[in-house]
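# Coordinates in review
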Amino acid sequence: MHSKNPHNFEYFFNKTLQCSRYAQRVLQADAGLLAWLAANYQTPCNADEIHALLAQSGLNLQDEAQLTKAVRYVRKQVMVKLILRDLNALADLNEVMHCMTALAEICVRLAQSCLMDVLQKQFGQPIGESSGAAQQMLIIGMGKLGGGELNVSSDIDLIFVYAEDGETRAITGQNEIRSLSNHEFFTRLGRRLISLIHEPSVDGYVFRVDMRLRPYGDSGPLVMSFAALEEYLVSQGREWERYAWIKARVIAPEQHTSSTELMQLAQPFVFRKYLDFGAIDSMRKLHAQIRQEVARRDRQNNIKLGPGGIREIEFTAQVFQLIRGGRAAKLRIRPTLSVLQQLASDGEISAETVRDLTSAYIFLRNLEHRLQYLDDQQTQDIPESEDDRARLAIGMNYPDYATLLQQLDVHRAIVSTQFSAIFREQRAPSDATFCWDETLDETALSQHLQGLGYADSAAAAQQLLQFRASSRYQQLPEASRARMAQLLPQFIRACAQQSNPDVSLQRLQKLIDSIARRASYLAFLAEYPQALTRLSQLVSASSWAADYLAAHPALFDELLDARELYQTPDWAAIDAHIATQLHDCSEDLERQMDALRHAQQEQIFHLLAMDLQGLLPLEILSDHLSALADLMLRHVLKVCWQNARKKHCDVPHFAIIAYGKLGGKELGYESDLDLIFIYDDAHADAPENYARLAQRINTVLGSYTQAGRLYETDLRLRPNGASGLLVSSLSAFADYQANEAWVWEHQALTRARFCAGDSHVGAGFEALRNTLLQAPRDAAKLRDEIVAMRQKMHDGHPNHSELFDIKHDAGGMIDVEFMVQFLVLAHAHRYPQLTANIGNLALLKLAGELGLIPVELAALVSAQYRSLRRTQHAMRLNGASPCRVAPASLAKSPTLTLWGFLFDHPKNG
């Protein structure tokens, strides 16, 4: 806004009178009020000043009649001061909103305290029947009061609740009383509180009180117990009430112990655990009803409810809260501008759009206040009077109303455009030749599919109609069946665009069948047709991808932004983001576990999408999957120790050691984690505490929650295997490895590495590992033991088919791994560089460079190993297990040649 800024009270006062008939009336009627304003207009108006004004009133604030008078007069003081300061650019929007919110909170708290005392003297103290504890009525501020955004002439939306049913009892020293149920006591309290705040008197009123947001509205009880409120929200709470409860906040009594319990009770109703894309359609319908009412009452010039108004900005912010607030704690905030800033930080709305919406919100709220300054009326309608329009222009510091209107139109157009971009129905092009309804028969559907290029159109048609006839489909709510009727033709067309339409449709239909009861995911696909296209491409490329999405449909959300979907992971940023999420729910272990699972699944899905697009070589993919597992283990360890009931130190001297695929950084999508746990701590409680920690880590990793499971674990590589202790001290581990371990345990050690926990313990393990691997060994004995172990593994995985088993057959991947392990164990005492955990391919190359095996043969074996891994990976992406191929493709295997070189000719070892 443009503003002149002469620093004199007379100028400010005259502008105030010019723009506010209300201020004119009260100031002309009360010379004392005018004198007070002249002396105090330069200081900000806030809660401290309101408390001071009430204390200086000379009235007894515990007397109902005197309190009624005091709060009405203070309201006049606050109003005229805010009007003058705001109109003359001495206060910004935040000062106005925060001061009015503080006025409401203080007045309600004082009224409650006074009336509670009055009623307790008459009826005794309300006592909970279960706890036996004294009860209080909690007053919930809804809407702009709850959000700390109250406008100057607003009513206040309240809900009254109390924790427990019961009845009143006499207070110590109190004479005989008439006992009431808690419900009746708090009903009386609520009625008198409303009267004290709401009812006009010769001194005016404080705030109009609106109780219609309570359960059952005007027809419901005035007060309600926590249990009754929870029952209502669970069984009868409507979609618009979720929107209303976003801003709900206990405003009285201040900092009551039951406030947290109450908000936790309401949170699952407002913020769903899953991504709730059904909120878009729900809010779209609510907004349509509002627009219809605006049109019916000819209120297009209403800057709150009309097109491009305040409500559209609030809806834009709050729809993201409803969709994502269950997963993103940072979105469970109340002020509209704070939500918009968070959405910009999260990348949900562009920073430029948020700047535009913020600017529009501030302009519209300032204009709303100037409309209300005119006569202290709760209005958002642009007046018809030319005089009042001129006053608005002056109040907004524009030369005339036409210029003000021009700027208003710019802001409303921006808001309306952004609102439409979010809430516009994004329907895919319809197919006039095909309609999914109950009249569709198999012949017509088969012909349609054939025309789209399906090879076995009859089978595909039969599959789709069986789905429609299934009990799962028939029992869907009507809204879900309507969405399904909209989506199925799109599914069919999307799959027809793939190279394998029949297989793609079969996979996609199976996926949709698994999520059909989750209306939110159907709503997502209906709202975002572009996501359906990417979905069909993924399921076409991989049956494993289709199954993964069916198990974790919350990942649908990741399909929206192709730029983020195919972006190489920034592990430092992901680590920091997870740490923030875990901190936000640090009081709830179950939510922390779910946060870890969601984070892991999102990253696996991103890697999968890049993998299927050919953007990640297999070795790089394995590195990323291993980095993800390391990151998860670090956070799981930290969470488990933080939640440990008994611990003897702040930071555990404890390490997680990775073996197998994770140790060698060759992790796949479904690989389990081979782990052992080691500590180096002399404290007497260390063995017991760390054993409990290890058990807890294993449970968190392997247990299923609604969000799924993190990893399957295998702890059998620890000393003495499954019969051994779950954790070992570093010294005990060293003693076991040096004196009791089998050769195969030293083979496993070649792929072991520290991956999470105390770095000092990790360094101790790495030093011990190097010492063990570099110990001189009898090469002939080592060769015999490795060959015997390899034969034992062959016997454990018989292959009676004519196909070649990529992993287990002679010449397969395990042969390569055994040969590398032999080279390390046999030669690391001479070439310590062989103990580096650099992977099988790099170790083969190093062995060639050291002259341990022919360089050319090392390169050929490396190429074959890489080829076998890629073949296995591609087969597993489409459900193959075990992975077997035609043996002709592996004729003249260099792996078998190298095996013969090392094990059939001892001199080469």
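Everything numeric here is computed off the predicted structure, so don't read it as measured data. Position labels on residues start from 1 in each chain and follow its written sequence. Only residues with pLDDT of at least 70 are given local features in this predicted model, and only at 80 or more are side-chain atom pairs given and counted; all residues enter the totals for whole chains, interfaces and linings. The side-chain values count all of the structure's non-hydrogen atoms but skip hydrogen atoms and water molecules.

## Quick look at helix 5 (residues 64–87)
One turn of an α-helix holds 3.6 residues; hence residues three or four places apart share an orientation. The terminal C-alpha atoms of helix 5 lie 35 Å apart, and with 24 residues this matches the ideal 34 Å at 1.5 Å per residue to within 8%. The cut-offs for exposure are 20% and 50% of the maximum accessible area for each residue type, with area from a 1.4 Å probe on protein chains only; residues under the lower value are buried, those over the upper are exposed, and the others partly exposed. Elements are defined by DSSP. Helices are runs of H or I of four residues or more, strands are runs of E of two residues or more, and each kind is numbered from the N terminus. The buried fraction of helix 5 amounts to 18 of the 24 residues, a majority that puts the element mostly inside the structure. Polar contacts, as counted here, are pairs of nitrogen or oxygen atoms within 3.5 Å of one another; within protein the pair requires one atom able to donate a hydrogen and one able to accept it, and residues that are adjacent in sequence qualify only if both atoms are side-chain atoms. A distance of 3.2 Å separates the backbone nitrogen of alanine 65 from a side-chain oxygen at the start of helix 5, and that oxygen is part of aspartate 63. At the exit of helix 5 stands alanine 89, carrying a positive phi of roughly 60°. Between the first and last residue of a helix there are one fewer steps than residues, each counted as 1.5 Å, and that sum is the expected span.

## Considering helix 37 (residues 840–849)
Among the 10 residues that make up helix 37, seven are buried, leaving the element largely enclosed by the rest of the structure. Note on contacts: a residue pair qualifies if any of its non-hydrogen atoms lie within 4.5 Å across the two residues. Tucked into the core, helix 37 has its buried residues touching helix 29 (618–642), helix 36 (813–827), helix 38 (855–876) and helix 39 (894–904). Residue glycine 851 follows helix 37 closely and has a positive phi angle near 80°.

## Digging into the packing of helix 5 against helix 6 (residues 93–123)
The relative placement of two packed helices comes down to the angle between their axes together with the axis-to-axis distance. Where helix 5 contacts helix 6, the axes come no closer than 11 Å and their chain directions differ by 175°. As far as their axial angle goes, helix 6 and helix 5 are roughly antiparallel. Residues Glu64, Leu67, Val71, Val74, Arg75, Val78, Met79, Leu82, Arg85 and Asp86 of helix 5 touch helix 6, and the partners they reach there are Glu95, Val96, Cys99, Met100, Leu103, Cys107, Leu110, Ala111, Cys114 and Leu115. Considered class by class, the residues forming the contact of helix 5 with helix 6 number 15 nonpolar, no polar and five charged. Fitted lines through C-alpha atoms serve as axes, helices being fitted only where they are in contact, and the angles separating the N-to-C directions of these axes extend from 0 to 180 degrees. Each angle gets one of four labels, with under 35 degrees taken as roughly parallel, over 145 as roughly antiparallel, 65 to 115 as roughly perpendicular, and the rest as oblique. Charged means Asp, Glu, Lys or Arg here, nonpolar means Ala, Val, Leu, Ile, Met, Phe, Trp, Tyr, Cys or Pro, and polar covers whatever is left, Gly included.

## A short note on unusual backbone geometry
Between alanine 252 and proline 253 the backbone carries a cis peptide bond, its omega angle lying at -10°. A positive phi angle, near 60°, is found at alanine 89, a position not held by glycine. Counting through the fold element by element, alanine 89 comes out in the loop between helix 5 and helix 6. With a phi angle near 65°, asparagine 397 is a residue other than glycine that sits in the positive phi range. Tracing the chain through its elements places asparagine 397 in the loop between helix 16 (386–395) and helix 17 (401–423). Since its relative accessible area comes to 16%, asparagine 397 is described here as buried.

## What about the side chain of histidine 606?
With respect to the helices and strands, histidine 606 occurs in helix 28 (residues 589–612). Sequence-distant contacts of histidine 606, defined by excluding residues within four places in its chain, comprise Glu558, Glu564 and Leu565.

## Topic: the packing of helix 36 against helix 39
At a minimum axis distance of 10 Å, the contact between helix 36 and helix 39 shows a crossing angle of 35°. Note that helix 36 runs across helix 39; the crossing there is left-handed. Residues Asp815, Val816, Phe818, Met819, Phe822 and Leu823 of helix 36 form the contact with helix 39, whose own contacting residues are Thr895, Leu896, Leu898, Trp899, Leu902 and Phe903. Grouping the amino acids of the contact of helix 36 with helix 39 by side-chain chemistry returns 10 nonpolar, one polar and one charged. Crossing handedness: left-handed means the near helix sits turned counterclockwise from the far one by under a right angle, and right-handed means the same turn made clockwise.

## Structural notes on the nonpolar core
Joining through side-chain atoms within 4.5 Å is the link that ties buried Ala, Val, Leu, Ile, Met, Phe, Trp, Tyr and Cys residues into a set, and such a set is a nonpolar core. Counting residues in hydrophobic clusters, the biggest one holds 168 residues, and the most contacted among them are Trp245, Phe556, Phe654, Ile656 and Ile697. Counting residues per element, this core draws most heavily on helix 29, which supplies 13 residues. Setting aside residues up to four positions removed in sequence, isoleucine 697 forms contacts with Val636, Leu637, Cys640, Phe654, Ile656 and Phe677. Formed by 71 residues, the second largest nonpolar core is a distinct cluster that contains Leu82, Leu145, Ile156 and Met211.

## Examining the packing of aromatic side chains
Between two aromatic rings, the relevant description is the distance of the centres plus the angle of the planes. Aromatic contacts are taken between Phe, Tyr and Trp rings whose centres are within 6.5 Å, Trp giving its six-membered ring; a plane angle under 30 degrees counts as stacked, one over 60 as edge-to-face, and the others as tilted. All told, the structure shown has 23 aromatic pairs when counted by the stated rule. On the numbers, 5.3 Å between centres and 70° between planes, the contact of phenylalanine 467 with tyrosine 473 is edge-to-face. Residue classification places tyrosine 473 among the buried residues on the basis of a relative accessible area of 2%. Arranged with centres 5.3 Å apart and planes meeting at 50°, the rings of phenylalanine 524 and tyrosine 528 form a pair that is tilted. The class of phenylalanine 524 is buried, set by a relative accessible area of 0%. These aromatic residues form a ring-pair network of at least three members: Phe9, Tyr11, Phe12, Phe13 and Tyr41. For the cation-ring pair, arginine 75 lies above tyrosine 205, with the distance from its terminal atom to the ring centre recorded as 4.9 Å. One Lys or Arg, arginine 332, reaches over the ring of phenylalanine 271 and ends 5.9 Å from the middle of that ring. Working rule: Lys NZ or Arg CZ, within 6 Å of ring centre, within 35 degrees of ring normal, means a charge sits over the ring.

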